[in-house]
Amino acid sequence: MSDKIIVKKPMASAGGWGAVWSCGQALLQSTSIPSSFKTVLKTNQPDGFVCPGCAWGVPEEPSSIEFCENGVKAVAREICENRVTEPFLQEFTVSELQTFSDFDLEDQGRLTTPLRYNRMTDRYSEITWAEAFKEIGAELRALKERKEAVFYASGRTSNEAAFLYQLFGRLYGTNNFPSSTDMCHEASHIALEEAIGSSFGTVRLEDFAKSDAIFIFGHNPGSNHPRMLNELRSANRRGAQVVSFNPLKECGLERFSDPKNQLEMMRFGSTPIASHFFTPKSGGDMAAVRGMAKAILTWEYERILTHSLIDRVFIEENCNGFESYEKAIELTPWKDIEDQSGLTRDEIEQAALIYVQADRPIITWGTGLSQHKHSVASLREIMNLLLLCGNIGKLGAGACPMLGHSNAQGMRRMGVSSSPQESFLESLEQVFNFEVLKDDGAGAAATVKLMNENKVRIFLGLGGNFTRAAPDTDLTEEAMRKCRLTVHIATKLNRSHLMPGSLSYILPCLGRTEVDEQRMGEQLVSVEDLFSKVRASYGFRPPASESLKSEVAIICGLARATLGNKDVNWSTMESDYDHIREKIEEVLSGFTGFNSQLRSPSGFDASPRHSGGTWATGSGRAMFSGYPLPLATTLQKTAKAKKLTFTLQSIRSIDQFNTSVHSQNDRYRGIFGGRKVVFINPTDMRRAGLAAGAKVDIATISEDGRNRRALDFQIVPYEIPEGSIASYFPEVNVLFPVYSTGDQSGTPTSKAIPVVLTKSRRRT
Ligand SMILES: Nc1nc2c(c(=O)[nH]1)N[C@H]1C(S)=C(S)[C@@H](COP(=O)(O)OP(=O)(O)OC[C@H]3O[C@@H](n4cnc5c(=O)[nH]c(N)nc54)[C@H](O)[C@@H]3O)O[C@H]1N2
Ligand SMILES: Nc1nc2c(c(=O)[nH]1)N[C@H]1C(S)=C(S)[C@@H](COP(=O)(O)OP(=O)(O)OC[C@H]3O[C@@H](n4cnc5c(=O)[nH]c(N)nc54)[C@H](O)[C@@H]3O)O[C@H]1N2
Ligand SMILES: [Mo]
């Protein structure tokens, strides 16, 4: 069989009939058509469930279609008909299952009963819930050094489960709560908290309709937040500017054909989205944004216009640190700005002009900004630019980190973090009357290191796929296997489950679409979107199996078996989730009347909109920063001189949700039948003597002497800046060194590592 990947022209327009067809395909493969249609129509409806896809919001008055292609795929995979059965588990050893592709593992369908790993037979087999809880509880109790346990969580989990999970962990005595956020937007939370005293974005969904300039830094809404394209389309139609900063000209930012717009669909029409495309070098955004501010301040000093371009009153009344920021800008020469950003002064001034001419600019950003070494500094620079013109706390303007998982924001607010706010911990102590560990625990990358050094002995995973999502796949897999105990709460089989510690369990849980029946009746859970809106999620489908438990019930079962019902009555919490929400209300401000507010059809805001005046920073004022530009935008400064050396970034396709890969295609980028590709600039190809379709091996320029290689990737000529290459996550995670993390954030630098390409030796 040929392993040639078919490469076509990238698409210019996102959405359209392609999206409709793709939804249809996903549903056809899931379960009976009427049932799956009925389910999909419940997505993001007031009486339905919150989409388990991305964290984009839902309007106050939702239409009957509030889902996108990604949501349909996520739902279709949850409601599939396949089940992991005992005969299947007896047929294959775990070593044999490791040879399955990620797709085939998930394709076995829903997990239905608790499973225990047997080292002698190298197989998982069914056990009862009582056995699972008892045995895991005993192991947890037996661990003397409680900090040797980590509680990992993925941002899909509900607020209720997240809150109980961290409460269980902290009562147990650990401070290690690594999460998907550590690999995603941790830098955003830190930068926002430092700048304005709140870890979350300042924009509300309604602001998009009022904004007159939307700046999109380092994310790809066409693939990753498709419902955002509706807002961008309306923005374009009313004459607002949409400005993209991205090394790649991503399809959805060029044009969008709205599947909900009958006329556009009938005519095969589409609407242009971005008015301007700036293509910075990888990691060059901080320089570009500084350049924008430098242009604005230069015009201001030269009094080019009669009115002030910056908001002096806002700065005076609200901010600290303006002088050192001004100084940092003055000390940054245009040459450095141009070199590092890869943009000309002309281009940067053009962007600056759009920014200052706008009354209500929004700046959004994605992992293209949050997964670099200097991410926190870059994001502070964006916050500087917003503060400079008083654009925080204004309707239609502000900062908007494009969080990924549907409850990434809520999960962090609920305290699933290895470095939560001190005020949160103090509040938790008071409400539950116990002493909480105050020092920071290990994030995701640090967890891998600690597991490898045998300093973490127990890994609990609330969803997610840690060994595929984390960097350094081989090292992470080894690390997981070194644990004494690994426990995964999951809906479907994935590769992390196949790296068992000495003892290992898989605990199957309900998905979002399913009815959650507890002692006091049917339960609802809550989820917070990236606009700080908290909404209720009601499951309505019969569970995939009668023996499934909810995430909340599993956490309560584990906690009870480990700690008993003494400090917290886990049984009461489990019986009626209103009791959990009562406690959340006591711990967190912003959740007053949680239970009643949650039942209002449009939900409620978890944090009030900034209105200036008081800021929850240490100084009580919003803070400018004055970081110097980074010396280099990848870790290996010396690397760029060499001929076949590139900065590698990892990206997603429309047909995956993180480590769940739905198909081998990326129709937007014209890739069919495989994902092992390297997108590369044609000039670089010529220089390196590489032809389109050639196979290359990618090797990391490692700093620790470890060999990191990914073999047989196909060369695809692409519009990408020279010196940068791109490939798909998670296939290339084997190349990303666990030591290469963001300053302050600890986030793996998934958007920039130095690598070398060599022609593959294997004949194709
Ligand atoms: N279909 C789908 N939807 C998803 C997900 C998924 O896997 N699939 N994942 C969800 C999750 S958890 C998340 S966090 C979000 C992720 O959403 P995104 O942040 O959009 O994620 P990526 O696909 O990794 O895309 C990163 C983008 O940043 C650009 N980029 C890379 N480096 C730089 C840089 O230095 N500067 C600039 N300006 N741009 C850069 C890349 O070219 C790419 O367009 O999506 C969520 N939604
Ligand atoms: N190189 C590179 N690495 C990256 C990134 C990158 O851009 N490049 N992105 C990073 C980002 S942004 C993120 S957010 C992380 C994602 O890291 P994770 O959140 O750990 O990964 P996911 O792939 O989202 O997790 C998928 C698994 O979740 C389980 N699951 C699905 N639904 C449910 C449910 O309802 N309950 C439970 N308990 N389990 C469920 C299924 O078993 C499924 O296999 O990866 C990070 N890793
Ligand atoms: Mo993410």
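Structure: see above.
These numbers come from a predicted model, not from an experiment.

S.K.: Mind laying out the packing of aromatic side chains, listing which residues take part and the relevant values?
M.R.: What the rule picks out here adds up to 29 aromatic pairs. Taken together, the aromatic side chains of Phe151, Tyr165, Phe168, Tyr172, Phe177 and Trp570 make up a single cluster linked through ring pairs. Here the basic side chain of Lys249 rests over the ring of Phe277, its NZ or CZ set 5.0 Å away from the ring centre. Sitting over the ring of Phe432, Lys583 keeps its end group 5.7 Å from the ring centre.

S.K.: Which residues make up the site of ligand 1, and what values go with them?
M.R.: The environment of ligand 1 is made up of 35 residues, and the closest members are Glu250, Gly283, Asp285, Gln656 and Asn658. The separation between a nitrogen atom of ligand 1 and a polar side-chain atom of Asn70 is 2.9 Å. Lys751 is positioned with one of its side-chain polar atoms (N or O) 3.0 Å from an oxygen atom of ligand 1. For ligand 1, the accessible surface in isolation is 920 Å², of which the surrounding protein chains cover 99%. Mapped onto the shell around ligand 1, the elements with two or more residues apiece are α11 (221–224), α20 (367–370), β23 (645–651) and β24 (656–657).

S.K.: Explain the sheet that holds β23 residue by residue, including any values.
M.R.: Reading around the barrel, the six strands line up as β23-β30-β27-β29-β28-β31 and close back on themselves, with mixed pairing between neighbours. This sheet shows a mean twist of 45° between the axes of neighbouring strands, independent of strand direction. The pairing of strand β28 (residues 695–700) with strand β29 (residues 709–717) spans four bridges and is antiparallel. When the bridges of β29 are listed, Ala699 appears paired with Arg709.

S.K.: Can you tell me about the nonpolar core, naming the residues and giving the values?
M.R.: Membership of the largest hydrophobic core comes to 61 residues, with the highest contact counts inside it found for Phe163, Leu164, Leu167 and Leu507. It is helix α8 (residues 159–172) that contributes the most residues to this core, nine residues altogether. Aside from chain neighbours lying at most four places away, what touches Phe163 is Met414, Leu428, Phe432, Ile580, Lys583, Ile584 and Val587. Of all hydrophobic cores here, the second largest spans 55 residues; its members include Ala213, Val289, Met383 and Leu386.

S.K.: Would you mind going over the site of ligand 2 in detail, with residue names and values included?
M.R.: Taken together, 29 residues sit near ligand 2, with Tyr152, Ser154, Ala469, Glu551 and Thr659 positioned nearest. Within the side chain of Glu106, a nitrogen or oxygen atom sits 3.1 Å from an oxygen atom of ligand 2. Side-chain polar atom of Ser154 to an oxygen atom of ligand 2: 2.7 Å apart, as the coordinates give it. Considered on its own, ligand 2 offers 920 Å² of accessible surface; in the complex 96% of this is hidden by protein. Here the shell around ligand 2 is composed, by residue class, of nine nonpolar, 14 polar and six charged.

The rules behind each value
- Residues numbered from 1 in each chain as written.
- Chains lettered and ligands numbered in written order.
- Predicted model: local features only at pLDDT ≥ 70, side-chain atom pairs only at ≥ 80, totals over all residues.
- Heavy atoms only, no water.
- Phe/Tyr/Trp six-rings, centres within 6.5 Å; stacked < 30°, edge-to-face > 60°.
- Lys NZ or Arg CZ within 6 Å of the ring centre and 35° of its normal.
- Near = heavy atom within 4 Å.
- Polar contact = N/O pair within 3.5 Å; in protein donor to acceptor, adjacent residues only side chain to side chain.
- Areas by Shrake-Rupley, 256 points an atom, 1.4 Å probe, with all protein chains shown as cover.
- Helix = DSSP H or I, 4+ residues; strand = E, 2+ residues; numbered from the N terminus.
- Pairing = 2+ DSSP bridges.
- Axes fitted to C-alpha atoms, helices over the stretch in contact; angles between N-to-C directions.
- Core = buried A, V, L, I, M, F, W, Y, C linked by side-chain atoms within 4.5 Å.
- Buried < 20%, exposed > 50% of the residue type's maximum accessible area, 1.4 Å probe, protein only.
- Contact = heavy atoms within 4.5 Å.
- Nonpolar A, V, L, I, M, F, W, Y, C, P; charged D, E, K, R; others polar.

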